[in-house]
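Commentary on secondary and tertiary structure
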Amino acid sequence: MRIEAYNQVAQLYNANNRKANIKSTAATSARDEVSISQAGKDYQIAKKAVSEAADIREDKVAEMKSRIESGNYQVDAGDFAAKLLAKYSALS
């Protein structure tokens, strides 16, 4: 007796049984329902709040512009170099 042939027949039989079961359950349930969990609702609210928030903080931009224009904005070269190297090493 070849085992492969038996396995193939069993697979065909199971496939036909599944189709029959799907048809019978589809006939008994008339409609599908979808419900969103509370976590999903909270996520939607948070996503909406983030999308409505401005990407640019105008108050900070105005403050920086005024400091640059007046000449009061000073950048420490050591801090700048350290941050530049940190970004460069993060890319590598």
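First, a word on what this report is: a plain description of the structure on this page. Keep in mind it's a predicted model, so treat the numbers as computed, not measured.

Some thoughts on the overall build of the protein chain
Each helix and strand in the protein chain was counted, giving four helices and zero strands. Listed by position from the N terminus, the elements making up the protein chain come as α-α-α-α. By element, 57% of the accessible surface of the protein chain is carried by carbon and sulfur atoms, the whole surface being about 9,200 Å².

As for the pattern of salt bridges
Where side chains of opposite charge bring their charged atoms close, a pairing between them can arise. Under the counting rule described, the total for this entry stands at one salt bridge. One salt bridge connects Glu 33 with Arg 31, and the closest N-O pair in it is separated by 3.5 Å. The burial state of Glu 33 is the same as that of Arg 31; both residues are exposed.

As for helix α3 (residues 58-70)
Structural remark: α-helix, 3.6 residues per turn; residues separated by three or four positions point the same way. End to end, α3 covers 18 Å across 13 residues, agreeing with the expected 18 Å (1.5 Å per residue, within 8%). Following α3 by one or two positions, Gly 71 adopts a phi angle in the positive range, close to 85°.

So, a nonpolar patch on the surface
A cluster of nonpolar side chains, namely Ile 68, Tyr 73, Val 75, Phe 80 and Leu 84, defines an oily patch on the protein surface of about 530 Å² accessible area. Within the secondary structure layout, Ile 68 lies in helix α3. A relative accessible area of 54% means that Ile 68 is categorised as exposed.

Examining the environment of Asn 72
Looking at where Asn 72 falls in the secondary structure, it is placed in the loop between α3 and α4 (77-91). Engagement of the side chain of Asn 72 in a polar contact is seen with the side chain of Ser 70, the distance being 3.1 Å.

Thresholds applied
- The numbers attached to residues start from 1 for each chain and follow its sequence in the written order.
- Totals for whole chains, interfaces and linings use all residues, but because this is a predicted model, local features are given only for residues with pLDDT of at least 70 and pairs of side-chain atoms are given and counted only at 80 or more.
- Working from all heavy atoms in the structure, the side-chain values ignore hydrogens and water.
- Secondary structure elements follow DSSP: runs of H or I of four or more residues count as helices, runs of E of two or more count as strands, with numbering from the N terminus.
- Computed with the Shrake-Rupley method and a 1.4 Å probe, the accessible areas treat only the protein chains shown as cover for residues.
- Between Lys or Arg on one side and Asp or Glu on the other, a salt bridge is scored when a side-chain nitrogen of the former is within 4 Å of a carboxyl oxygen of the latter.
- With a 1.4 Å probe rolled over the protein chains alone, any residue whose accessible area is under 20% of its type maximum counts as buried; one over 50% counts as exposed, and the rest are partly exposed.
- Take the number of residues in a helix, subtract one, and multiply by 1.5 Å to get its expected span.
- Patch membership requires over 30% relative accessible area and the absence of a salt bridge. Like charges are linked within 9 Å, and nonpolar side chains (Val, Leu, Ile, Met, Phe, Trp, Tyr) within 5 Å.
- Polar contact is the term for a pair of N or O atoms within 3.5 Å; when the atoms are in protein, one must be able to donate a hydrogen and the other to accept it, and sequence-neighboring residues count only if both atoms are side-chain atoms.

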